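Survey of secondary and tertiary structure
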Amino acid sequence: MAGLTLSHLYKRYDNSGKKKKIKNDFAVKDLNLECAQGEFLALLGPSGCGKTTTLRMIAGLEDITDGDIYIGGTRVNDLDPKDRHIGLAFEDYAMYPPLTVYGNIAFNLRAKKVPKDEIDRRVREIAPLMQVEDLLDKMPVKLSGGQKQRVNIARAIIRRPELLLMDEPLSHLDGKARQAMRVEIKRLINEIKCTTVYVTHDQLEAMSLADRIAIINFGVLQQVGTPAEVYDDPANEFVASFIGEPPMNIMETTIVSQDGHFFFTFENSDLKIQVPERYYGVVSDGFRCKMGVRPMDLLIGGPDSKGTPEKIATFENLGDERRIGIRVGSTLMMLITEDEKRYKSGDVIRLEVRGEKTHLFDLETGDRIREK
Ligand code: ATP
């Protein structure tokens, strides 16, 4: 088991031969990241943000434009993939069709000329861990997506890697199988305690599996932190809107001062939300920024509520929760409630907002505006 360090890592693809010029040709830009020994780090971001490129550079499958990669303190820039002591479980299963599941799991050890009885011992040790004992004699074509994925991961961990690299290992699975496999991966990682870097575009997967999450956009690291940190204390508007489902409501606002207090106000809306007092040192009357608030921090007031009367624009009943959309100017602000009542559009509710849970973002850069 080893830690991982990425230091000022860059990747630029050579697109000079391409007819159409690509503007943003850095797939990865000045990436600095640490993954501690035994830690599970998720690389999270939208499609094309550079996650796979980063993983492939760590694996040695992609040249590095600039920067350094250390595995367990050793600089591996010039090491062959096979000498990096890594296990790879990538999105496509790429199994050897003529070999049984046993043969597929054993393949890399056979290639390394590990003695036969040692291979057998290790296959039989890993098989129950990945719950594939009953599949060992089967051919890959006979396996379901979830079974193939288990074999895929078994192949990666049988080599006892110092570092396990997984790239969207659940992407071929549908809803239920995906959820079940997520639980299995969590159990497995707890058992083998291997340093793991896990690429995903699914924030739920990252939140449920990872010790820490590195969020990337356009090749640039936006924030790295525990799931709670990136959820409760997002570094910028991108992270705030990427983490959480439904996403944080983020709206342009003008702050007004009234009776010694500051309030967020919104164009073409009567809604007024008190600015948390901790921000009083950074805002002023007429200050323009964006305000963010999570859907679960909007509440429906009772009969005596002093909340703002707001008309419901949309109502969705999702069984254990209900989602209500309220139009604030040109934005549809989402509210989540466990309230059993079935509303319909046009109904009026008293909207209360947990003002202390609001976040402020810079209008231009999207960076968090923090209290002084
Ligand atoms: P996805 O989840 O869709 O796989 P990703 O976050 O893993 O996305 P990458 O595959 O790392 O993103 O791609 C990052 C950027 O680099 C993208 O803009 C992509 O078009 C570009 N890119 C990737 N591979 C190459 C290549 N071989 N040649 C040129 N550009 C590439």
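1. Here we look at the site of the ligand
As a structural note, the neighbourhood of the ligand is formed by 13 residues, with Ser47, Gly48, Lys51, Thr52 and Thr53 the closest of them. In this structure, threonine 53 approaches the ligand through a side-chain N or O atom, which is 2.5 Å from an oxygen atom. For the ligand, whose free accessible area comes to 630 Å², the fraction covered by protein is 58%. At three residues, helix 1 (residues 51-59) tops the list of elements feeding residues into the shell around the ligand. Along the lines of polarity and charge, the residues of the shell around the ligand split into four nonpolar, six polar and three charged.

2. A closer look at the domain arrangement of the chain
Buried accessible area, meaning the area lost when the parts come together, often serves as the stated size of an interface. According to the domain assignment, the chain contains domain 1 (4-242) and domain 2 (249-369). Relative placement of domain 1 and domain 2: their C-alpha centres are 39 Å apart. With nine residues of domain 1 in contact, the opposing surface of domain 2 contributes nine residues. Across the interface of domain 1 and domain 2, roughly 810 Å² is buried in total on both sides, 45% from carbon and sulfur atoms. When the area that domain 1 buries against domain 2 is broken down by residue, the three leading residues are Tyr231, Glu237 and Ala240, summing to 59%. Here domain 1 and domain 2 share two salt bridges between them. For the salt bridge of lysine 290 with glutamate 237, the shortest nitrogen-to-oxygen distance reads 3.2 Å. For the pair domain 1 and domain 2, the interface holds six residue pairs in polar contact (both at pLDDT 80 or more).

3. A short note on the environment of arginine 350
You can see arginine 350 is positioned in strand 19 (residues 348-353). Accessibility expressed as a relative area gives 36% for arginine 350, which makes it partly exposed. The spacing of arginine 350 and glutamine 179 is 171 residues in sequence and 37 Å in space, taken between C-alpha atoms. Not counting residues up to four positions away in its chain, the partners in contact with arginine 350 are Leu299, Ile300, Gly301, Ser305, Gly307, Thr308 and Pro309. A polar side-chain atom of arginine 350 sits 2.9 Å from the main-chain carbonyl oxygen of glycine 307.

4. Quick notes on the environment of asparagine 317
Tracing the backbone shows asparagine 317 in strand 16 (residues 308-317). The partly exposed category is assigned to asparagine 317, whose relative accessible area is 35%. Of the polar contacts made by the side chain of asparagine 317, one reaches the side chain of arginine 322; its length is 2.7 Å.

The rules we used
- Residues numbered from 1 in each chain as written.
- Predicted model: local features only at pLDDT ≥ 70, side-chain atom pairs only at ≥ 80, totals over all residues.
- Heavy atoms only, no water.
- Near = heavy atom within 4 Å.
- Polar contact = N/O pair within 3.5 Å; in protein donor to acceptor, adjacent residues only side chain to side chain.
- Areas by Shrake-Rupley, 256 points an atom, 1.4 Å probe, with all protein chains shown as cover.
- Helix = DSSP H or I, 4+ residues; strand = E, 2+ residues; numbered from the N terminus.
- Nonpolar A, V, L, I, M, F, W, Y, C, P; charged D, E, K, R; others polar.
- Domains from an automatic or database assignment.
- Contact = heavy atoms within 4.5 Å.
- Buried area = accessible area lost by both parts, 1.4 Å probe.
- Salt bridge = Lys/Arg side-chain N within 4 Å of Asp/Glu carboxyl O.
- Buried < 20%, exposed > 50% of the residue type's maximum accessible area, 1.4 Å probe, protein only.

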